[in-house]
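# Observations on the model geometry
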Amino acid sequence: MSPNAGWHWLSQAIDLFKKRPFEIVFAYFGMMLCTFVVAALPLVGPVLSFALAPLFAMGLAQIYRDTERGEAFVATALFSAFRSPAKKPLFMLGLLQFLAFAASMTLASFFDDGLLRELISNPKLFEGEAAQNVEYARQMLWRLFQSVAISRLFYLPALMCFWYAPNLIAWHGMGVIKACFYSFFTVWRLRSAFIVYLLSCLAFLMVPTFVLGVLSAIHPAVAAIINLVIIPALLGLITIVNCSFYTSYTAAFERDTSA
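Sequence order as written defines residue numbering, which begins from 1 separately in each chain. Per-residue local features are limited, in this predicted model, to residues with pLDDT of at least 70; the limit for side-chain atom pairs, both in listing and counting, is 80 or more; totals at the level of whole chains, interfaces and linings are taken over all residues. The side-chain numbers reported here are obtained from all heavy atoms of the structure, hydrogens and water having been left aside.

As recorded by an unreviewed UniProt entry, the protein carries the name BPSS1780 family membrane protein and is attributed to Undibacterium cyanobacteriorum.

Here it is as structure tokens:
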């Protein structure tokens, strides 16, 4: 598969989105709302939100597949994985994702003195002195950027394992370990396409945002119009990127995925 395939995944996601934009946005942000509600639960919320993430991801994938095939939109398809025989391995996959994320944060803490972990537990870290001292705030932001970069670097192998794993578990009947194995080596085999895909997604999200920001600075009247459209535009862009997770799967695994 050529490196340009990474761009095609995104363009295919745009085509998929255009078939049923309002329903897809509704489903995606319905999933986000469910995730936030679960994450807000005391004590178990953060772990449970990770554990349920693959089940919600497969619910969205089912909606994308139905849309691609021209089938009727059913909102409850978002919870279809909870009724699937694959629900237990998907749940176990989510727990593995949490452990991998926690491990990446722990490894990063050795390089940033625990800054990123402290910020997650205390979002008001940048208030107080950071709000008053520009130089201190700049140093903290640079350290935070380094922390995020280090933690993502440590998490990258796990991300490769988890990228296709939910689909392989739910639609191909694989076990958790086998699905992670196949996912990792498929991403590695398509690494040049994934680099193009990542750059395409960044440009797709950042360029329209930058253009809208520049236009809003031209005149107050223009800014008022931009403020009306920027939120719906961002919602659509983010949802299209999420659709591209599905189109990258269909490109990599072309066999029938009938349930």
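Don't stop here, the text continues.
## Looking at a nonpolar patch on the surface
A cluster of nonpolar side chains, Val207, Phe210, Val211, Val214, Leu215 and Ile218, forms an exposed patch at the surface whose accessible area comes to about 540 Å². Residue classification places Ile218 among the exposed positions, given a relative accessible area of 56%. What goes into a patch is any residue over 30% in relative accessible area without a salt bridge, connected to like charges within 9 Å or, for nonpolar side chains (Val, Leu, Ile, Met, Phe, Trp, Tyr), within 5 Å. In short, Shrake-Rupley with a 1.4 Å probe defines the accessible areas, and a residue's cover is counted only from the protein chains shown. The salt bridge criterion pairs a side-chain nitrogen of Lys or Arg with a carboxyl oxygen of Asp or Glu, the two atoms within 4 Å. For every residue, the accessible area obtained with a 1.4 Å probe (protein chains only) is divided by the maximum for its type, and the residue is called buried under 20%, exposed over 50%, and partly exposed between those limits.

## Observations regarding the packing of helix α2 (residues 21-39) against helix α3 (residues 45-68)
Running from amino to carboxyl end, α2 crosses α3 at an angle of 170 degrees, the nearest separation of the two axes being 9 Å. Here α2 is positioned roughly antiparallel relative to α3, judged by the angle of their axes. On the side of α2, the interface is formed by Ile24, Ala27, Tyr28, Met31, Cys34, Thr35, Val38 and Ala39, while α3 contributes Gly45, Pro46, Leu48, Ser49, Leu52, Phe56, Leu60, Ile63, Tyr64 and Thr67. Following the grouping adopted for this structure description, the nonpolar residues are Ala, Val, Leu, Ile, Met, Phe, Trp, Tyr, Cys and Pro, the charged ones are Asp, Glu, Lys and Arg, and the polar ones are all others, Gly among them. Split into classes, the residues belonging to the contact of α2 with α3 amount to 14 nonpolar, four polar and no charged. Between the N-to-C directions of two axes lies an angle of 0 to 180 degrees, each axis being a line fitted to C-alpha atoms and, for a helix, fitted only over the stretch in contact. To qualify as a helix, a DSSP run of H or I must reach at least 4 residues; to qualify as a strand, a run of E must reach at least 2; elements of each kind are numbered from the N terminus. In this scheme, roughly parallel covers angles under 35 degrees and roughly antiparallel covers those over 145, while 65 to 115 is roughly perpendicular and the rest are oblique. Residues count as neighbours in contact if any of their non-hydrogen atoms are within 4.5 Å of one another.

## Some points on the UniProt feature "transmembrane region" (unreviewed entry) in the protein
UniProt positions are given in the numbering used here, feature names are shortened, and annotations may be inferred rather than shown by experiment. On the UniProt side, "transmembrane region" (unreviewed entry) is annotated at positions that read residues 21-41, 90-111, 195-218 and 224-245 here. Span residues 21-41 is 90% helix and 0% strand, its end C-alpha atoms 31 Å apart. Spanning residues 224-245, this segment combines 100% helix with 0% strand, and its end C-alpha atoms are found 34 Å apart.

## Remarks on α2
How far a helix is expected to stretch is found by multiplying one less than its residue total by 1.5 Å. Look at α2: 27 Å from first C-alpha to last across 19 residues, which is about the 27 Å you get at 1.5 Å a residue. Turning to α2, its buried residues number three or more, namely Ile24, Val25, Ala27, Tyr28, Met31 and Val38. When α2 is viewed along its axis, its buried side chains cluster within an angular range of 165 degrees and face the same direction. Structural note: α2 exposes Phe22, Phe26, Leu33, Phe36 and Val37 on the side pointing more than 90 degrees away from its buried face. The arc in question is the one spanned by the directions pointing from the helix axis to the C-beta atoms.

## Quick notes on the layout of surface pockets
For cavity detection a 1 Å grid was placed over the protein atoms alone, and a set of points counts as a cavity when a 1.4 Å probe fits there but cannot get out; an open set counts as a pocket when protein lies on both sides within 12 Å along at least five of seven lines, with lining residues being those that have an atom within 4 Å of a point. Grid points are joined across faces, edges and corners, and a volume is the space filled by probe spheres set on the points. The volume enclosed by the largest pocket comes to roughly 1800 Å³. Every residue lining the largest pocket is counted, 45 residues in all, and those nearest its centre are Gln97, Tyr155, Leu159, Trp163 and Phe245. With nine residues, α3 is the largest single contributor of residues to the lining of the largest pocket. Among the residues forming the lining of the largest pocket, the class breakdown is 37 nonpolar, six polar and two charged.

## Points about the pattern of salt bridges
The final tally for this structure, using the stated rule, is one salt bridge. In this structure, the salt-bridge partner of Asp15 is Lys18, at a minimum N-O distance of 3.8 Å. With Asp15 and Lys18 both in helix α1 (residues 5-19), this residue pair falls three residues apart, about one helical turn. With relative accessibility at 42%, the residue Asp15 sits in the partly exposed group. Judged by relative accessible area, Lys18 falls into the exposed class, the value being 57%.

## So, unusual backbone geometry
Residue Leu43 is not a glycine yet carries a positive backbone phi of 70 degrees. Tracing the sequence through the fold places Leu43 in the loop between α2 and α3. Note on Leu43: relative accessible area 85%, which makes it exposed.

## Comments concerning α3
Between its first and last C-alpha, α3 extends 33 Å over 24 residues, near the 34 Å set by a 1.5 Å rise per residue. Maximal helix bending in α3 amounts to about 40 degrees, located at Ala53; proline Pro54 follows within four positions. In terms of burial, α3 is a largely internal element, 17 of the 24 residues being buried. Downstream of α3 by one or two residues, Gly70 has phi in the positive range, about 75 degrees. A residue's bend is given by the angle between axes fitted to the 7 residues ending at it and the 7 residues starting at it.

## Here we look at the packing of aromatic side chains
Under the pairing criterion, centres of Phe, Tyr and Trp rings, with the six-membered ring standing for Trp, must be within 6.5 Å; the plane angle then separates stacked pairs below 30 degrees from edge-to-face pairs above 60, leaving the rest tilted. According to the stated counting rule, one finds 22 aromatic pairs in the structure shown. Judged by centre distance (6.4 Å) and plane angle (85 degrees), the rings of Phe101 and Tyr155 are edge-to-face. Taken together, the positions of Phe101 in helix α4 (residues 87-112) and Tyr155 in helix α7 (residues 134-162) put the pair 54 residues apart, joining distant regions of the chain. Here Phe101 falls in the partly exposed class, since its relative accessible area comes to 22%. Take Tyr155: its relative accessible area is 10%, and that puts it in the buried class. Ring geometry for Phe181 against Tyr182: centres 6.1 Å apart, planes inclined by 75 degrees, an arrangement best described as edge-to-face. Classification of Tyr182 as partly exposed rests on a relative accessible area of 36%. Aromatic ring contacts, followed pair by pair, group Trp9, Tyr64, Trp163, Tyr164, Trp171, Phe194, Tyr197, Phe245, Tyr246, Tyr249 and Phe253 into a single cluster. The positively charged end of Arg191 is found above the aromatic ring belonging to Trp188, 4.3 Å away from the centroid. The criterion is that NZ of a Lys, or CZ of an Arg, lies within 6 Å of the ring centre and within 35 degrees of the ring normal, and then a charge sits over that ring.

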